[in-house]
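# Breakdown of the fold
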Amino acid sequence: MNLKDKYIEFFVSKGHKQIPSAPVVPENDPSVLFNTAGMQPLIPYLVGQVHPYGSRLVDYQKCIRTNDLESVGDTTHHTFFEMLGNWSLGDYFKNESIEWSFEFLTKVLNIPSNKLAVTVYEGEGNIPFDETSYNKWKSLGFSDEKIVKTVEDNFWIAGECGPCGPDTEIFYFKGGDDVPEKFDPEDDRWVEIWNNVFMEFYKDKDGNVTPLPKQNVDTGMGVERTTAVLEGVNDNYKSSIWSDVIDLISKISGLSYEGNEKSMRIIADHLRTAVFISGDYSSIKPSNTDQGYILRRLIRRAIRHAKALGIDEFSDWEQQIAKIIIDKYKIYYKELDENEMVILDVLRDEKSKFSKTLVKGLREFEKVINNNDRIDGESAFHLYDTYGFPIELTIELANEQGISVDEEGFLKRFKEHQELSRSASVGKFKGGLAGDSETEIKYHTATHLLNAALKQVVNKDVHQKGSNITSERMRFDFSCDHKLSEDEKKQTEDLVNKWINEGLDVSVEEMPKEEALKSGAECMFIEKYPDIVTVYSIGNVSKELCGGPHVSNTRELGVFKIIKEESSSTGVRRIKAVLNNE
Ligand code: SER
């Protein structure tokens, strides 16, 4: 029996009713494109509505997260995943929830209890330390060393407002070596596999936290991640969930997985998500807006990688892969069975549209980058309009060559085109492409300020090691040998906000690479840059080699806030931060 079946059976045996997965597109929430967590469809019930199935529920929910779409290709990212969850709607609370989680992990999955450790809520402001959970874990045999108290990581809310509460997170030790006596949640060998949230509060738009009418439990366990750690593989795509899909891609391409991992993972992941989106009852079709645009991007990115593997675009490769995915999941999701023809048609049509222009488009791309270190907006728009290259695809191709894209220029051209053709409303368009990109541009500028602030506050030898920006947050990795203290974090945050408030101008100039380096400009990978580089300066606080784009004045950024500081790898720390507009 697989993890999903065992989970459902166990919680049914504890008096839970199984509820079906909700559609991938939220039914009553236009603010998000897809369900991103198991609890999302249950929000009305968590805040008080009576559920027709009763007060103990269990399910597996289809979830889609596309913020990290471009990160898919590594060992852990997926755009689609299933989240297992059990719920108490004003029924049982912390003690039973923890007890059953422990029983499931140790008795059903047979995990030795010394391979488990937990975090609990430490308490802050009016919300006290979660003593009940702490004591419960102690009574189950967990030593003080295996129970870590935190504030930030143990209070759960989906987004800015809604039902929320302290949580206890359960970690599994995946390292092959001896389990350390002391649990460190930042040690990568410990993987979080289950999150039990005790939803007893409601946070409103003004930030007020009040008790909910009932105390609820919301737990979430990701099927992909947990299956991978339990099977002891260090690449999610090597788990039993993916092996048949990867084997098929390998057979179709005539290549081995080793050495071709990235493209194979992208094809496997993106086609699975495309199957679930196009097979959903919400009837999404590839388009240039909203969910349809995500579907289009997924299919086109998969096609591009199939081409990179040398797969013949005129064969039915995508049908074969979709079929194996449908067969695997249709016993759990009958919509895939019912909509099999629709799914296969969507994939076939989109492939035939894109395959026709892909080869010519790639040739055009080569022409555009020839002798250029930057793709201008006009060319990016031409690739989009004539060859059907989603802007994100152009950016990805460009990045692989160490080249930047003038996204702002692209958007300008795109808008002009929209206005000219009077198609798609501007509102929709903003929600789809432009809205995201404007926010991302702000985060990009904030990254430079953060880099400069860390050098002043922490150490002048701090260097950027990586960054990742979505429309919701920025992530910044930097070299540093210690966990930042509260004081360091606060000072960094204050300094960035001071610079934002000073309204510093952002300027850009071109110069030879050597000159730029001599002038003290910061740069991440020297070999990545061409001989003539663009250098962005922010007032006189920051100077970096960078392809842009950036805002023109720091005042546009809003309020900068660090939401998390954690270890990324040895000697590298990671900060997640947001910009709020107040
Ligand atoms: N809502 C919590 C999560 O998504 C537990 O289900 O992690």
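All values reported here derive from a predicted model rather than from experimental measurement. (Residues numbered from 1 in each chain as written. Predicted model: local features only at pLDDT ≥ 70, side-chain atom pairs only at ≥ 80, totals over all residues. Heavy atoms only, no water.)

### A few points about the sheet that holds strand 13 (residues 474-479)
Definition in use: Here, a strand pair is defined by DSSP locating no fewer than two bridges between the strands. Runs of H or I in DSSP of at least four residues are treated as helices and runs of E of at least two as strands, each being numbered from the N terminus. In this analysis an axis means a line fitted to C-alpha atoms, helices contributing only their contacting stretch, and an angle means the value between N-to-C directions, from 0 to 180 degrees. Residue contacts follow a heavy-atom distance rule, with two residues in contact if any of their heavy atoms lie within 4.5 Å.
Overall, antiparallel pairing links the four strands, which are arranged 12-13-18-17 in an open sheet. Both edges of this open sheet fall to strand 12 (464-469) and strand 17 (559-569), since each of them pairs with a single strand only. The average undirected angle you get between the axes of adjacent strands in this sheet is 20°. In this structure, strand 17 lies alongside strand 18 (residues 572-580), joined through nine bridges in antiparallel fashion. Note on strand 18: the bridge partner recorded for Lys-564 is Lys-576. On top of the sheet, helix 16 (residues 486-501) reaches strand 17 and strand 18; it is set at about 140° to strand 17, its chief contact.

### A word on the site of the ligand
The following threshold applies: Whether a residue is near a molecule or strand depends on its heavy atoms: if one lies within 4 Å, it is near. Within 3.5 Å is the distance limit for a polar contact, defined as a pair of N or O atoms, with the added protein rule that one can donate a hydrogen and the other accept it, and that residues adjacent in sequence qualify only through two side-chain atoms. All accessible areas in this document rest on Shrake-Rupley with a 1.4 Å probe, and a residue is counted as covered only by the protein chains that are shown. In this classification, Asp, Glu, Lys and Arg are treated as charged, Ala, Val, Leu, Ile, Met, Phe, Trp, Tyr, Cys and Pro as nonpolar, and every other residue, Gly included, as polar.
Lining the immediate surroundings of the ligand are Ala-37, Met-39, Met-83, Trp-156, Asn-195, Val-197, Asp-218, Thr-219 and Gly-220. In the environment of the ligand, an oxygen atom lies 3.2 Å from a nitrogen or oxygen atom belonging to the backbone of Thr-219. Bound to the protein, the ligand loses 93% of the 230 Å² it would expose on its own. Taken together, the residues of the shell around the ligand break down into five nonpolar, three polar and one charged.

### Brief notes about the sheet that holds strand 15 (residues 532-538)
Taken together, three strands build an open sheet; the order of strands is 14-15-16 and the sheet is antiparallel. Since the sheet does not close on itself, it has two edges, and those belong to strand 14 (506-512) and strand 16 (542-545), each with one partner. Strand after strand, the sheet turns through a mean of 25° between neighbouring axes, direction not considered.

### Regarding the pattern of salt bridges
Note the following rule: A pair is scored as a salt bridge if a Lys or Arg side-chain nitrogen falls within 4 Å of a carboxyl oxygen belonging to Asp or Glu. Burial status follows relative accessibility: with a 1.4 Å probe on protein chains alone, a residue under 20% of its type maximum counts as buried, one over 50% as exposed, and anything between as partly exposed.
Counted under the stated rule, the structure contains 42 salt bridges. Two residues, Lys-483 and Glu-186, come together in a salt bridge whose shortest N-O distance is 3.3 Å. Residue Lys-483 is located in the loop between strand 13 and helix 16, and its partner Glu-186 is located in the loop between strand 7 (162-173) and strand 8 (190-203); the two are separated by 297 residues in the primary sequence. Given a relative accessible area of 48%, Lys-483 falls into the partly exposed group. Between Glu-318 and Lys-351 there is a salt bridge, and its shortest N-O distance comes to 2.9 Å. Of the two residues, Glu-318 sits in helix 9 (residues 317-329) while Lys-351 sits in helix 11 (residues 340-369), which places them 33 residues apart along the sequence. The class for Glu-318 is buried, based on a relative accessible area of 3%. Three or more residues joined by partner-sharing salt bridges are found here, namely Asp-153, Lys-564, Glu-566 and Lys-576.

### Re the nonpolar core
As a reminder of what qualifies: Nonpolar cores were defined as sets of buried Ala, Val, Leu, Ile, Met, Phe, Trp, Tyr and Cys residues, with membership established by side-chain atoms within 4.5 Å.
Within the largest apolar cluster, 104 residues are counted, with the highest numbers of intra-cluster contacts made by Phe-104, Leu-105, Trp-137, Trp-194, Ile-321 and Ile-375. With 33 residues, the next largest nonpolar core counts Val-457, Phe-478, Ile-538 and Phe-560 among its residues.

### Remarks on the side chain of Arg-475
Note the cut-off: By the counting scheme adopted, Arg and Lys are positive, Glu and Asp are negative, and His together with the chain ends is not counted.
The residue Arg-475 is located in strand 13 in this model. Buried Arg-475, no salt bridge; nearest opposite-charge side chain is Asp-477, N-O distance 4.6 Å. Once you skip the residues sitting within four places of it in the chain, Arg-475 turns out to touch Gly-466, Ser-467, Asn-468, Arg-574, Ile-575 and Lys-576.

### Considerations on the packing of aromatic side chains
For clarity, the cut-off: Note on aromatic pairs: the rings of Phe, Tyr and Trp (six-membered ring only in Trp) are paired at centre separations within 6.5 Å, and the planes decide the class, stacked below 30 degrees, edge-to-face beyond 60, tilted for the rest. For a ring to carry a charge above it, either NZ of a lysine or CZ of an arginine must fall within 6 Å of the ring centroid while also lying within 35 degrees of the normal to the ring plane.
For the structure on display, the rule yields 31 aromatic pairs. For the ring pair Tyr-92 and Trp-100, a centre distance of 4.8 Å and an interplane angle of 75° mean the geometry is edge-to-face. Comparing Tyr-92 with Trp-100 shows no difference in burial state: the two are buried. Geometrically, the ring pair formed by Phe-381 and Tyr-384 is tilted, given 6.0 Å between the ring centres and 35° between the ring planes. On the criterion of helical spacing, the pair formed by Phe-381 and Tyr-384 is a turn pair, its members being three residues apart in helix 12 (residues 377-387). For Phe-381, a relative accessible area of 3% corresponds to the buried category. In this structure Tyr-384 comes out as buried when scored by relative accessible area, which is 12%. Among the aromatic residues, those joined into a ring-pair cluster are Tyr-60, Phe-80, Phe-276, Tyr-329, Tyr-332 and Tyr-333. Over the ring of Tyr-332 we find Lys-4; its NZ or CZ atom is 3.6 Å from the centre of that ring. The ring of Phe-129 has Lys-149 sitting right over it, with the charged end atom 4.7 Å from the ring centre.

### Examining helix 9
The cut-off we apply is this: Helix span, as expected, comes to 1.5 Å for every residue beyond the first.
Taking 1.5 Å as the rise per residue, helix 9 with 13 residues should run 18 Å; its terminal C-alpha atoms sit 19 Å apart, in good agreement. By the burial criterion, the buried members of helix 9 are Trp-317, Glu-318, Gln-319, Ile-321, Ala-322, Ile-325, Ile-326 and Tyr-329.

### Examining the environment of Tyr-281
Locating Tyr-281 in the fold gives a position in the loop between helix 7 (261-278) and helix 8 (290-308). By relative accessible area, which is 43% here, Tyr-281 ends up partly exposed. Discounting chain neighbours no more than four positions away, the residues touching Tyr-281 are Lys-334, Glu-335, Glu-338 and Asn-339. Reaching out from Tyr-281, the side chain makes a polar contact with the side chain of Glu-338 at a distance of 3.1 Å.

### Examining the environment of Gly-54
By secondary structure assignment, the location of Gly-54 is in the loop between helix 2 (43-46) and strand 2 (56-64). The spatial distance from the C-alpha of Gly-54 to the C-alpha of Lys-238 is 38 Å, given a sequence separation of 184 residues.

### A short note on unusual backbone geometry
Positive phi outside glycine occurs at Asn-110, with the angle close to 60°. Considering the arrangement of structural elements, one finds Asn-110 in the loop between helix 3 (94-108) and strand 4 (116-121). In this structure Asn-110 comes out as exposed when scored by relative accessible area, which is 57%.

### Some points on helix 6 (residues 243-253)
Along helix 6, the positions that sit buried rather than exposed are Val-245, Ile-246, Leu-248, Ile-249, Ser-250 and Ser-253. Along its buried surface, helix 6 packs onto helix 7 and helix 9. Trailing helix 6 by a residue or two, Gly-254 shows a phi angle of about 70°, which is positive.

### A look at the pairing of strand 16
For strand 15 and strand 16, the ladder comprises four bridges, and the chain directions are antiparallel. In the strand pairing of strand 16, Val-535 is matched with Leu-545.

### Some words on the confidence of the model for the chain
Just so we agree on the cut-off: Known as pLDDT, the predictor's confidence for each residue is given on a scale from 0 to 100.
Of all residues in the chain, 95% have pLDDT values of 70 or greater, and the mean over the chain is 91. When the criterion is pLDDT under 50, residues 422-435 qualifies, and its contacts beyond four places in sequence or with other chains add up to 21 contacts.

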